[in-house]
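# Breakdown of the fold
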Amino acid sequence: MTNNHTFEKIATYLMALAVMIFTIAPFLWILITSISTNKQITGSPFSWFPKEPTLQNYAKVFTDQTNISGYVDSLLNSLIVASVTTFVCLLFGALGAYAFARLQFKFREYFILFILFTQMIPGIAVLIPIYIIFKNIGMLDTKSSLIMTQISFILPFIIWVMRSFFYTVPKELEDAAFIDGLGRFGALFRIILPISTPGLFATGVFAFLNSWNDFLTPLVLTSTTQAKTMPVAINEFLGRFSVDYGLLTAAGVVGLLPPILISLLFQRFLIDGLTAGAVKS
Amino acid sequence: MRTTKMVSEGKFALLLLLPTIVLLAGLLLYPFIYSIYLCFVNLNLTKPWLGTQFVGLANFTTTLMDPEFWSSLKITALFSGFSVAGSLAIGLIAALVLNQKLMFRGLFRSLLLIPWAIPLVIVGMIWKLILHPNYGVLNALLMQTGIIHKNIAWLTEPGWSFFMLILSELWRSFPFVALLYLAALQTIPKDLYEAAKVDGAGTLHNFRHITLPFLQPATLVLLVLRTIDAFRAFDLIFALTKGGPANKTEIVGLYLYKQGFMFTKFGESAAGSYLVTLLILLLVFVYVKLFKLKDIQ
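## Section: the overall build of chain A
Within chain A one finds 14 helices and zero strands. Mapped in sequence order, the helices and strands of chain A form the string α-α-α-α-α-α-α-α-α-α-α-α-α-α. Whereas a compact globule of 281 residues would reach a radius of gyration of roughly 19 Å, chain A reaches 24 Å, over 25% beyond that. On the principal axes, the C-alpha backbone points of chain A span a range of 75 × 75 × 35 Å. Within chain A, the fraction of its 281 residues that count as buried is 55%. For chain A, the share of sequence-separated contacts (at least 6 apart) that also reach a separation of at least 24 residues comes to 71%.

Right, dumping it as structure tokens:
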């Protein structure tokens, strides 16, 4: 019995170890590559860890603009686009979700259906007209066109998720707020939103990750460092004939940091939000 | 008193939804209708003097008669099959393991977030590097352990490229499955297992009769989400192989992108997108029916 138990324990740990190695090894490998010189990366014999780890690749990411044209600009673009998109999605999302969760109005059910329906629309099909629209009004390759497009893609999902968070706020709290003389906006901003902070965090992280990681939209809508985002820049770099691998991986690691930091920082809300809908249904 | 002081619900709702309505009308509803229109016309962008022509169902028939469309659809089906089945299997195993009382369980769970949270283009970059024919770590590992004696060009050899694509896709997609299953596992009441233990039931019996039924709702959700994901895959393949070698990894998302934005065949690209959407809807419908059928039995 005890022997059997120990065996099971060891087997479980071995499996856990295998899963973790599979998860983390690829990530560790680009970290190692990013602190190696190109001589070490391309030289033989193969080395598992650089003899003299160096941060020169990271320094080059931020200073050497000839080799990695406009990468810093693209990072800044990503930061601006993702921040604005997240903020607007949270604001409009909270307002819209409140309307759906609490108010009775004409066409309410149709609106909800429309919100669901938007999730089925194929991205490439609508990006063609969006491209044509922005081309016609001369707004291609601008951050604002990218931001607006991303918001319209992400917002329906945010409203849908936030609505379910607002449902869990007891209606009595709101009624109490009305009696205390708060108007509808007051009740929304002072009572409902503060209670729903976990939900706001979770949806905010979703919006940020969606925007930061989005590749197809900026690939179609942007072309120069004026609006091009990080994934597009990495892809261009990746497609070159001769690649500076140390520099590439360092650039990649820098581009990975924001999503990793944010998802680890908010992981409690994220995992709850991620799983809430799927497990209960 | 309340009614006189506050705006009516309908007006307030309109006020709250106004920004959303304006944005979605302009950048989702209008493009959607426009894209439906595009399915039935030829814009003649290369011959502007011809103007826009109504072509009926020609965009659909051209797409349906294009062998490249069918081969990309076949690759997409294979890709989705392996990706969905593989990610659900690995995800379930990972969740079952992490549901045990382990040291560092919290850390393990956090690490799972990394592949899920990062841009797919960078996932592509990571695997392109690992699979590099000359400097890649996979070749080095296999050479040093004596499993292979010559470097393999994983991404450019037709026999390997598809499987390497699946490998990197699984790395990316299994953590999400694991996290969802883990949450579902934690909803199973512990006393069910204890009662079964008293009855002398074995681990396998418990898994089939307690664990699996509890995981069913999560499984349906995962099947639907992962299938939609896999059928719409684009970024990873674009970064990793661009469809090569010899279109061996050209999934339908890539095909439609090329049609639309490289060959400016907007009509055919839009028509193809809707055909694929129809296919996804059909699959989701089948999943839901299958799961309902199981419930009745």
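## With respect to the pattern of salt bridges
This model, assessed by the stated rule, comprises seven salt bridges over all chains. Across the pair Asp244(A) and Lys60(A) runs a salt bridge, and its minimum N-O distance is 3.3 Å. Remark: Lys60(A) occurs in helix H3 (residues 56–63) and Asp244(A) occurs in the loop between helix H12 (230–238) and helix H13 (245–265); sequence separation between them is 184 residues. Classification of Lys60(A) as partly exposed rests on a relative accessible area of 22%. Overlapping salt bridges bring together Glu169(B), Arg226(B) and Asp229(B) as one network.

## A closer look at the packing of aromatic side chains
Pairs of aromatic rings are described using the distance from one ring centre to the other and the angle between the two planes. For the structure on display, the rule yields 36 aromatic pairs over all chains. With a centroid separation of 5.8 Å and 80° between ring planes, the pair formed by Tyr30(B) and Tyr34(B) is classed as edge-to-face. Linking Tyr30(B) with Tyr34(B), this pair stays in helix H2 (residues 9–38), spanning four residues, or about one helical turn. With a relative accessible area of 18%, Tyr34(B) lands in the buried category. Measuring from ring centre to ring centre gives 5.6 Å for Phe40(B) and Phe60(B), while their planes differ by 50°; the resulting arrangement is tilted. Residue Phe40(B) is located in the loop between H2 and strand S1 (41–42), and its partner Phe60(B) is located in helix H3 (residues 58–65); the two are separated by 20 residues in the primary sequence. A residue is classified by how much of its surface remains accessible, and Phe40(B), at 27% relative accessible area, is partly exposed. Taken together, Tyr131(A), Phe215(A), Phe234(B), Phe238(B), Tyr257(B), Phe261(B) and Phe266(B) form an aromatic cluster joined through their ring pairs. Just above the ring of Trp160(A) sits the side chain of Arg163(A); from NZ or CZ to the centre is 4.5 Å.

## Considerations on the interface of chain B and chain A
With 91 residues of chain B in contact, the opposing surface of chain A contributes 93 residues. On inspection of chain B and its partner chain A, the count reaches zero salt bridges. Seen at the junction of chain B and chain A, the total is 11 residue pairs in polar contact (both at pLDDT 80 or more).

## Some remarks on helix H5 (residues 108–118) of chain A
Every buried residue belonging to H5(A) is among Arg108(A), Ile112(A), Ile115(A) and Thr118(A), and all of these are buried. Axial view of H5(A): buried residues confined to an arc of 125°, hence all on one face. Exposed residues pointing more than 90 degrees away from the buried face of H5(A) are listed as Tyr110(A) and Leu113(A). Summarising the contacts, the buried residues of H5(A) are in contact with helix H4 (71–102) and helix H7 (143–167) of chain A together with H2 of chain B.

## Here's the deal with the packing of H7(A) against H2(B)
H2(B) packs onto H7(A) with a crossing angle of 120° between their chain directions and a minimal axis gap of 9 Å. If you check the angle between H7(A) and H2(B), you find them oblique. Classified by chirality, the crossing of H2(B) by H7(A) is left-handed. Between H7(A), through Met148(A), Thr149(A), Ile151(A), Ser152(A), Phe153(A), Leu155(A), Pro156(A) and Ile159(A), and H2(B), the contact on the second element is made entirely by Thr20(B), Leu23(B), Leu24(B), Leu27(B) and Leu28(B).

## Re the nonpolar core
Residues Tyr71(A), Phe166(A), Phe79(B), Trp116(B), Ile126(B), Tyr181(B) and Tyr257(B) are the most contacted members of the largest nonpolar core, which totals 185 residues. Setting aside chain neighbours within four positions, we find Ile126(B) in contact with Pro26(A), Ile30(A), Ile118(B) and Trp171(B).

## Let's talk about H13(A)
Residues and elements named next belong to chain A. For H13, with 21 residues, the first-to-last C-alpha span of 29 Å sits near the 30 Å given by 1.5 Å per residue. Its axis deflected by about 35° at Leu257, H13 carries its strongest bend there, up to four residues before the proline Pro258. For H13, the buried fraction is high: 16 of the 21 residues fall into the buried class.

## A few points about the confidence of the model for chain A
Within chain A, residue pLDDT values average 88, and 95% of them lie at 70 or more. Ranking the elements of chain A by mean pLDDT puts helix H14 (residues 267–280) of chain A last, at 70, and helix H11 (residues 216–221) of chain A first, at 96.

## Description of the side chain of Thr20(B)
Within the element layout of this structure, Thr20(B) appears in helix H2. In this structure Thr20(B) comes out as buried when scored by relative accessible area, which is 3%. When residues no more than four places from it in sequence are discounted, the contact partners of Thr20(B) are Phe92(A), Leu155(A) and Ile159(A).

## A closer look at a positive patch on the surface
A cluster of basic residues, Lys9(A), Lys101(B), Arg105(B) and Lys190(B), forms a positive patch on the protein surface. By the secondary structure assignment, Arg105(B) is in helix H5 (residues 105–117). Relative accessible area serves as the criterion here: at 32%, Arg105(B) is assigned to the partly exposed category.

## Observations regarding the environment of Asn57(A)
With respect to the helices, strands and loops of the structure, Asn57(A) is situated in helix H3. Look past the residues within four positions of Asn57(A) in its chain and what remains in contact with it is Thr33(A), Ser34(A), Ile35(A), Ser36(A), Gly246(A), Leu247(A) and Ala250(A).

## Regarding unusual backbone geometry
Residue and element names in this part refer to chain B. Here the residue pair Gly244 and Pro245 is connected by a cis peptide bond, since its omega of -10° sits within 30 degrees of zero. With a phi close to 60°, Phe104 is a non-glycine residue in the positive phi region. Position of Phe104 among the secondary structure elements: in the loop between helix H4 (67–98) and H5. What makes Phe104 exposed here is its relative accessible area of 55%. Of note in this structure, Asn247 is not a glycine but carries a positive phi near 60°. Within the secondary structure, Asn247 sits in the loop between helix H11 (235–240) and helix H12 (252–262). Judged by relative accessible area, which is 30%, Asn247 ranks as partly exposed.

So, how was this worked out
Residues numbered from 1 in each chain as written. Chains lettered and ligands numbered in written order. Predicted model: local features only at pLDDT ≥ 70, side-chain atom pairs only at ≥ 80, totals over all residues. Heavy atoms only, no water. Helix = DSSP H or I, 4+ residues; strand = E, 2+ residues; numbered from the N terminus. Rg over C-alpha atoms; globule rule 2.2 N^0.38 Å. Buried < 20%, exposed > 50% of the residue type's maximum accessible area, 1.4 Å probe, protein only. Contact = heavy atoms within 4.5 Å. Salt bridge = Lys/Arg side-chain N within 4 Å of Asp/Glu carboxyl O. Phe/Tyr/Trp six-rings, centres within 6.5 Å; stacked < 30°, edge-to-face > 60°. Lys NZ or Arg CZ within 6 Å of the ring centre and 35° of its normal. Polar contact = N/O pair within 3.5 Å; in protein donor to acceptor, adjacent residues only side chain to side chain. Arc of directions from axis to C-beta. Axes fitted to C-alpha atoms, helices over the stretch in contact; angles between N-to-C directions. Parallel < 35°, antiparallel > 145°, perpendicular 65-115°, else oblique. Left-handed = near helix turned anticlockwise from the far one by under 90°. Core = buried A, V, L, I, M, F, W, Y, C linked by side-chain atoms within 4.5 Å. Expected span 1.5 Å × (residues − 1). Bend = angle between axes of the 7 residues up to and from the residue. pLDDT = per-residue confidence, 0-100. Patch = residues over 30% accessible without salt bridge, like charges linked within 9 Å, V, L, I, M, F, W, Y side chains within 5 Å. Areas by Shrake-Rupley, 256 points an atom, 1.4 Å probe, with all protein chains shown as cover. Lys, Arg positive; Asp, Glu negative; His and termini not counted. Charge placed at Lys NZ, Arg CZ, Asp CG, Glu CD.

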